[in-house]
Amino acid sequence: MNIKINKNLPLAELDHLNLGYMRLTDSAPMIVAQHLGLYEKFGLNVTLHREVSWANIRDKTIAGTFDACQMLSPMPLVTTMGAAGIRAPMITGLVLSLNGNGVTVSSSLWSKMNQCANHDQLLNDALASAQSLRAVLDKNQVNALTFATVHSFSSHTLLLRKWLAAGGIDPDSEVRIIVLPPEQMVDSLAQGVIDGFCVGAPWNTIAVEYGVGIMATSGYEIWNNAPEKVLGVLESWHSRNPSTHLRLRLALMAACEWLSDMDNRIATVEILSRPEYLDLPADYLRPSLTGEIIHERSKTAQSQSNFHVFSSYHAGFPWRSQAESMLEQFTPLLGKPVDADKLASLSQQCFRSDLYREAATRAGLSFPEQDYKS
């Protein structure tokens, strides 16, 4: 790790923190920081709490049950805006991960898609697979299709909509999109409740291993290096506990740096699989962490080393340009356009690049000088 443990950090306001996370492979920074003792090294006593839905994560953070949490990257924005039915000012000063998602379809739907295109051209080709789905719809080979995403305002929803639109499919009128917790995706697919889903690892891999679905494409292929999970806190909590928040960001930045070394990923698989963390078989966690992605059961894995990104490419930096882009893409779901000045103001309020720079300076890490990138 390249993170400096600065002895001159201001004293933490809190002596104990409760952090929420989801049963997902990209919870790794929060879990690794606990397992390696990084919280303790930065003077924090942390208890991790595994949750089952993003609504629970958000609500318990707002209620004060959690001091901070792993959060969907758009969630601070839409919660501050009040777009998801509840309004509370939330911020992030650290992106925890990029990428990590996939679009999986049922085996029966995949079979129909293969009749419209060459099988070898479909796997992990976002455009080809979306176009083959368009062809299936044009031939009236299926009834109305239902896809699931993890939250209406999530990167998964944006990825799914982008994928459908790339094939010429209107996501608002030609398919039905519902919300399910990640852990319910595989069973819902197996039971025919849904025809496909966009979710984070390891649930795509689990569907493949169970033989109930094929991972048509990854989020990497649809929107490479999209901000995926962030460290989310209430703006008021940060105002009361700025030093605690700084120490927490530094501990998690150290975990992300450790995870950026692929040699540490095998150890990470074993750590995450433990009952006190994700409590899932290592075989389900290994593909996405090592970048050897299995799209179809019993087929050769495809190498994708950046399936999860924790530190490279300034991964932790909360780009305001990306915040604005996500809000703009959610316009169809918001029901009305949002003024550009309001988008910029909201992005500046929620994506706190100043907090990232503060921690990076303390840690001796480089950081972007600008808040916007093309």
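Look above for the structure.
All of the points below concern the structure found in this document. Along every chain, residues carry numbers that run from 1 in the direction the sequence is written. The model is predicted, so local features are restricted to residues of pLDDT at least 70 and side-chain atom pairs to those at 80 or more, both for listing and for counting; the totals for chains, interfaces and linings are taken over all residues. Computation of side-chain values: all heavy atoms of the structure, hydrogens and water removed.

### Here's the deal with the overall build of the protein
And then number 1: By the criteria applied, helices consist of DSSP H or I runs no shorter than four residues and strands consist of E runs no shorter than two, each listed in order from the N terminus. Counting secondary structure elements, the protein contains 19 helices and 13 strands.
And then number 2: Each radius of gyration reported is based on C-alpha atoms, and the globular scaling rule is 2.2 Å times the count of residues to the power 0.38. For the protein, whose C-alpha radius of gyration is 20 Å, the value lies close to the compact-globule estimate of 21 Å for 374 residues.
And then number 3: Viewed in the frame of its principal axes, the protein has a C-alpha envelope of about 65 × 45 × 35 Å.
And then number 4: The buried label goes to any residue with under 20% of its type's maximum accessible area, the exposed label to any with over 50%, and the partly exposed label to all in between, with areas taken from a 1.4 Å probe on protein chains only. Within the protein, the proportion of its 374 residues that are buried is 59%.
And then number 5: Contacts are assigned to residue pairs with any non-hydrogen atoms lying within 4.5 Å of each other. In the protein, the share of contacts with a sequence separation of at least 24, taken over all contacts with a separation of at least 6, comes to 77%.
And then number 6: With an accessible surface of roughly 14200 Å², the protein has 45% of that area assigned to carbon and sulfur atoms.
And then number 7: When charges are counted, Lys and Arg contribute as positive and Asp and Glu as negative, whereas His and the chain ends are disregarded. Where a charge sits is defined by one atom per residue type, namely NZ (Lys), CZ (Arg), CG (Asp) or CD (Glu). Charged side chains of the protein number 30 positive and 37 negative; the gap between the two group centres comes to 3 Å. Here the Shrake-Rupley method, with its probe set to 1.4 Å, supplies the accessible areas, and only the displayed protein chains count as covering residues.

### A look at the sheet that holds strand β9 (residues 213-218)
And then number 1: Overall, mixed pairing links the 5 strands, which are arranged β7-β6-β8-β5-β9 in an open sheet. With partners counted over all chains shown, the strands left at the sheet margins are β7 (175-179) and β9, one partner each. Each adjacent strand pair in this sheet contributes to an overall mean axis angle of 25°, direction not counted.
And then number 2: Note on pairing: two strands pair once DSSP finds at least 2 bridges between them. Examined bridge by bridge, strand β6 (residues 145-149) and β7 share 5 bridges and lie parallel to one another. Counterpart to F147 in the pairing with β7 is I177.
And then number 3: The strands touched by helix α5 (residues 107-114) are β5 (101-106), β6 and β9; relative to β5, the strand with the most contacts, the crossing angle is about 85°. Fitting a line to C-alpha atoms yields each axis, with helices limited to the stretch in contact; the angle taken between N-to-C directions then spans 0 to 180 degrees.

### Details of unusual backbone geometry
And then number 1: In this structure, P202 follows A201 across a cis peptide bond, with omega equal to 10°.
And then number 2: Its place among the elements puts P202 in the loop between β8 (196-200) and α10 (203-210).
And then number 3: A positive phi angle, close to 70°, is found at S298, a residue other than glycine.
And then number 4: Position of S298 relative to the elements: it lies in the loop between β11 (292-293) and β12 (302-303).

### Here we look at the layout of surface pockets
And then number 1: Buriedness for pockets is judged along seven lines, at least five of which must meet protein on both sides within 12 Å for an open set on the 1 Å grid over protein atoms alone, while cavities are sets there where a 1.4 Å probe fits but cannot get out, and lining residues have an atom within 4 Å of a point. Grid points are joined across faces, edges and corners, and a volume is the space filled by probe spheres set on the points. The space that makes up the largest pocket amounts to roughly 160 Å³.
And then number 2: In this structure, the largest pocket is lined by 13 residues; those nearest its centre are E257, S311, G316, Y356 and L365.
And then number 3: Only β4 (90-99) and α13 (242-259) provide two or more residues apiece to the lining of the largest pocket.
And then number 4: Considering every element that reaches the lining of the largest pocket, the biggest residue donor is α13, with 3 residues.
And then number 5: Tallied by class, the residues present in the lining of the largest pocket amount to 8 nonpolar, 4 polar and 1 charged. The classification used treats Ala, Val, Leu, Ile, Met, Phe, Trp, Tyr, Cys and Pro as nonpolar, Asp, Glu, Lys and Arg as charged, and all other residues, Gly among them, as polar.

### Notes on the pattern of salt bridges
And then number 1: Salt-bridge detection follows one rule: a side-chain nitrogen of Lys or Arg within 4 Å of a carboxyl oxygen of Asp or Glu. A full pass over the atoms with the stated rule returns 14 salt bridges.
And then number 2: Put simply, D138 and R134 hold a salt bridge, and the shortest N to O gap is 3.0 Å. Placement of the pair is D138 and R134 together in helix α7 (residues 126-138), with a separation of 4 residues, close to one helical turn.
And then number 3: For R286, the salt bridge is made with D283, and the minimal N-O distance between the two is 2.7 Å. One end of the pair is R286 and the other is D283, both in helix α15 (residues 282-290) and 3 residues apart, which spans about a single turn.
And then number 4: Residue classification places D283 among the exposed residues on the basis of a relative accessible area of 52%.
And then number 5: Shared partners join several salt bridges into a network, and the residues in it are D26, E228 and K229.

### A closer look at the state of the cysteines
And then number 1: Sulfur atoms of two cysteines make up a disulfide when they are within 2.5 Å. The final tally for this structure, using the stated rule, is 0 disulfides.
And then number 2: Of all cysteine sulfurs in the structure, the one in C350 sits closest to C69, which takes part in no disulfide; the separation is 13 Å.

### Considering the sheet that holds strand β13 (residues 308-309)
And then number 1: Reading across the sheet, the 6 strands line up as β2-β1-β3-β10-β4-β13 and stay open at both edges, with mixed pairing between neighbours. The sheet terminates laterally at β2 (46-51) and β13, the two strands that pair on one side only.
And then number 2: Judged from the 2 bridges that link them, β4 and β13 form a sheet pairing that is antiparallel. Bridging from a neighbouring strand, N99 pairs with H308 of β13.

### Description of the nonpolar core
And then number 1: Among buried residues, those of type Ala, Val, Leu, Ile, Met, Phe, Trp, Tyr and Cys that are joined through side-chain atoms within 4.5 Å constitute a nonpolar core. In terms of nonpolar packing, the biggest core is built from 83 residues, with L19, Y39, L248 and L252 touching the most fellow members.
And then number 2: Here the element with the most residues in this core is α13; it accounts for 11 residues.
And then number 3: Every residue in contact with L252, bar those within four places of it in the chain, is listed here: P29, M30, A33, Y39, L94, L96 and L231.
And then number 4: Listed in part, the 40 residues of the second largest apolar core include V78, L123, L159 and W163.

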